[in-house]
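Structural overview
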Amino acid sequence: MADKVPTIKIVPLGAGQDVGRSCILITIGGKNIMVDCGMHMGYQDDRRFPDFSYIGGGGRLTDYLDCVIISHFHLDHCGSLPHMSEIVGYDGPIYMTYPTKAICPVLLEDYRKVQCDIKGESNFFTSDDIKNCMKKVIGCALHEIIQVDDQLSIRAFYAGHVLGAAMFEIRLGDHSVLYTGDYNMTPDRHLGAARVLPGVRPTVLISESTYATTIRDSKRARERDFLRKVHETVMKGGKVIIPVFALGRAQELCILLESYWERMALSVPIYFSQGLAERANQYYRLFISWTNENIKKTFVERNMFEFKHIRPMEKGCEDQPGPQVLFSTPGMLHGGQSLKVFKKWCGDPLNMIIMPGYCVAGTVGARVINGEKKIEIDGKMHDIKLGVEYMSFSAHADAKGIMQLIRQCEPQHVMFVHGEAEKMEFLKGKVEKEYKVPVHMPANGETVVITAQPKLDIKVPLEKIDRSLSLDPNPSKLECPFVAEIVYDQANDNLHILSTAESEDLAEDADCVPITLSLSEIIKVNRIDWNVLAKELLIYDPHLQQKDDGIEMFHGEITLVATDSEDVELELIWDECREHWFKIIHQAILTIMTPENSPPSTPVIPVNA
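As the structure is a prediction and not an experimental result, all values here were calculated from the model.

1. Points about the confidence of the model for the protein
Atomic detail in the predicted coordinates should be set aside for any region of low pLDDT. Per-residue pLDDT for the protein has a mean of 85; in total, 84% of the residues score no lower than 70. For residues 597-605, every residue scores under 50 in pLDDT, and the model assigns this stretch twelve contacts once sequence neighbours within four places are set aside.

This is the structure:
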């Protein structure tokens, strides 16, 4: 059966012991799948792309990859997709959910504009590259099993995190890899919690580990703290900038501030980057089924994303005197409107920046969170005098959520990506100790080879199960008490199925080759007296045979042999069919040969002897 068990190879081309540039190459049973194709926001040179030269020696990828899967629209998961497909070269299928398919090209075009039209980069993908890339995309519905070819299939599960985010199960035969992408195990104000179908048991679970050492505090307490900080700052006349990505936390925090402004009757203006609301409304209306129950219910009466107190950013509003709150993109201060406004506001101690999510190392956002007081931006040094608050409204699973998913899925192996090595190491120890599952955390370019445990289906006749259950109808019984031989029919080995047959029938079948499993245990005793031992064991098998170096019982199905010349150690060997006799014979030997260590016992004969 060895050839039926595929070897699974996994190598991160990005996000191995790192956050950003997610790109994982999975090989299962000879099929090659790339999951995610992100960009690293901390670099401005070729290091921002995954190392595609690892695949197929640096040539076109079409002949090597069977498919590409994108988990969600964040640029650290899809930002290199047009570069990979149009510049490196890939013409095969690219799979993503329908919301991701709708939103991804818009964010890619926005990013291209920032890099090319504002920063003046020439070595970058074009608008045509984005359009041509998206022509290769195939949309997936949740739980839909998509056959990539006659052997390989994929299936998407809801991941929370952002609109359209999905975990993907990649399956070949009986073995599968579940890739989480980014996910959130707790629901928020507009999205539900990540969930996989009951019974999904992957061979390997590849999980993000952004917050591997964090167990986040109460969400309510965090929200109260956020509202208090914003309120205090604007009451003192200060300005608050909240860098966010276009969809996700922006909607979450807008809903929160809108209801607070209404409740407190505040008139301080709240702005958001131009185009943010229109886009959000369009996508959330189109994909309402991906939101949580509360949004679905209220959407019938009113649009939860049409705000009374929050309005689009007007030209020059960041230069107006007096307090204001601004939601601005992008979320890591690595360019765009948020960085432009930050440069203007960072020198005033009355102002505040609230960072609501993770920032990749190397971005201005990460340096601000780390408390740097002087930061060089676009060749000019800036003094950072404004208040800095880092409040994780991140839609990533924390340590508790990651452990919860592992408990639900019961994988044979776990792999951590999209996290920092130190944090991964901590969670690795925790998972291995609690769940006794091997955990891998490869660096970029490091290959992990996993041999899957064989999985076999056994056909058992229904009448045999019914009869077995009738012998003991107790509902707490964990297994059926029947005895049968297991048969593998090589003539039909393409079915990969074992079946059961009566022992009596098989004894007369010349084509049936029996396989016996034997087990053994070493027993230390004071001294072996084979004559005494044989005499005492006659009660269990009157036909036992005493040999020069041991004893045979039940026609050799249980054997006792000496293992040393000093006669203080013997080996008890038994066939699996005599498992129910093992404990009885074992206890009898101890009682006879080491009476001081064994309580007096009455011989027990198994009922079905």
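Once the structure has been displayed, the description carries forward.
2. Overview of the nonpolar core
Of all hydrophobic cores here, the largest spans 87 residues; its most connected members are Met 34, Ile 206 and Phe 342. The element best represented in this core is strand E2 (residues 23-28), accounting for five residues. The residues that make up this core include at least three from each of domain 1 (7-215 + 395-451) and domain 2 (219-390). Excluding residues that lie within four positions of it along the chain, Ile 206 makes contacts with Ile 10, Ile 24, Ile 26, Val 177, Leu 178, Tyr 179, Thr 180, Met 415 and Val 417. Grouped together as the second largest cluster of nonpolar side chains are 41 residues, Ile 103, Met 185, Ala 194 and Met 441 included.

3. Topic: the pattern of salt bridges
If you walk through the whole model with that rule in mind, you get 26 salt bridges. Ionic pairing is found between Asp 149 and Lys 31, a salt bridge with its closest N-O pair at 2.7 Å. Of the two residues, Asp 149 is situated in the loop between strand E7 (146-147) and strand E8 (152-158) and Lys 31 in strand E3 (residues 31-35); the sequence distance between them amounts to 118 residues. We classify Asp 149 as partly exposed; its relative accessible area is 22%.

4. Digging into unusual backbone geometry
With an omega of 0°, the peptide bond running from Thr 329 to Pro 330 counts as cis. The topology assignment puts Pro 330 in the loop between strand E15 (324-328) and helix H9 (336-345).

5. Looking at the packing of helix H15 (residues 530-537) against helix H16 (residues 579-593)
The N-to-C vectors of H15 and H16 enclose an angle of 135°; their axes lie 10 Å apart at closest approach. Comparing the axis directions of H15 and H16 gives the class oblique. Every pair of crossing elements has a handedness; the one defined by H15 and H16 is right-handed. Note on element contacts: H16 touches H15 through Ala 588, Ile 589, Ile 592 and Met 593, opposite Val 532, Leu 533, Glu 536 and Leu 537. Looking at the contact of H15 with H16 residue by residue, the classes come out as seven nonpolar, no polar and one charged.

6. Quick notes on the packing of helix H11 (residues 399-409) against helix H12 (residues 421-435)
Axis angle and axis distance: for two packed helices, these are the angle between their axes and the distance between the axes, and together they describe the pair. Between H11 and H12, the shortest axis-to-axis distance is 11 Å and the interhelical angle comes to 35°. For H11 against H12, the interelement crossing comes out right-handed. Listed contacts from H12 to Ala 399, Ile 402, Met 403, Ile 406 and Arg 407 of H11 are Leu 427, Lys 430, Val 431, Glu 434 and Tyr 435. Grouping the amino acids of the contact of H11 with H12 by side-chain chemistry returns seven nonpolar, no polar and three charged.

7. A word on the packing of aromatic side chains
All told, the structure shown has seven aromatic pairs when counted by the stated rule. Ring centres of Phe 554 and Trp 581 lie 4.9 Å apart, and the angle between their planes is 40°; on these two criteria the pair is classed as tilted. With Phe 554 in the loop between strand E28 (550-553) and strand E29 (558-562) and Trp 581 in helix H16, this pair connects stretches of sequence that are 27 residues apart. Comparing Phe 554 with Trp 581, the two get one shared label, buried.

8. With respect to the environment of Tyr 54
Relative to the helices and strands, Tyr 54 resides in the loop between E3 and strand E4 (67-69). When its relative accessible area of 38% is taken as the criterion, Tyr 54 is described as partly exposed. Separated by 41 residues in the primary sequence, Tyr 54 and Leu 13 have C-alpha atoms spaced 7.8 Å apart.

9. Let's talk about the pairing of strand E10 (residues 175-179)
Within E10, five of the five residues are buried, leaving the element largely enclosed by the surrounding structure. Covered by surrounding structure in E10 are His 175, Val 177 and Tyr 179 together with Ser 176 and Leu 178, the residues of both alternating faces. The sheet contact formed by strand E9 (residues 166-172) and E10 spans five bridges and is antiparallel. Looking at E10, one finds that Phe 168 is bridged to Tyr 179. Counting the residues that bridge the hairpin from E9 to E10 gives two residues, and of these Gly 173 lies at a positive phi of roughly 65°. Alignment of E10 against strand E11 (residues 204-208), held across three bridges, turns out to be parallel. When the sheet's bridge partners are listed, Leu 178 is paired in E11 with Leu 205.

10. Things to note about H12
Counted at 1.5 Å a residue, the expected span for H12 with its 15 residues is 21 Å, and the 20 Å between its end C-alpha atoms agrees. Of the positions making up H12, those classed as buried are Met 424, Leu 427, Lys 428, Val 431 and Tyr 435. Viewed along the axis of H12, the buried residues span an arc of 115°, placing them on a single side of the element. Residues of H12 that are exposed and point more than 90 degrees away from the buried face comprise Glu 422 and Lys 433. Against H11, strand E20 (413-417) and strand E21 (439-440) lie the buried residues of H12. The positive-phi residue at the C-terminal boundary of H12 is Lys 436, with phi of around 55°.

Thresholds, definitions, all that
- Residues numbered from 1 in each chain as written.
- Predicted model: local features only at pLDDT ≥ 70, side-chain atom pairs only at ≥ 80, totals over all residues.
- Heavy atoms only, no water.
- pLDDT = per-residue confidence, 0-100.
- Contact = heavy atoms within 4.5 Å.
- Core = buried A, V, L, I, M, F, W, Y, C linked by side-chain atoms within 4.5 Å.
- Buried < 20%, exposed > 50% of the residue type's maximum accessible area, 1.4 Å probe, protein only.
- Helix = DSSP H or I, 4+ residues; strand = E, 2+ residues; numbered from the N terminus.
- Domains from an automatic or database assignment.
- Salt bridge = Lys/Arg side-chain N within 4 Å of Asp/Glu carboxyl O.
- Axes fitted to C-alpha atoms, helices over the stretch in contact; angles between N-to-C directions.
- Parallel < 35°, antiparallel > 145°, perpendicular 65-115°, else oblique.
- Left-handed = near helix turned anticlockwise from the far one by under 90°.
- Nonpolar A, V, L, I, M, F, W, Y, C, P; charged D, E, K, R; others polar.
- Phe/Tyr/Trp six-rings, centres within 6.5 Å; stacked < 30°, edge-to-face > 60°.
- Pairing = 2+ DSSP bridges.
- Expected span 1.5 Å × (residues − 1).
- Arc of directions from axis to C-beta.

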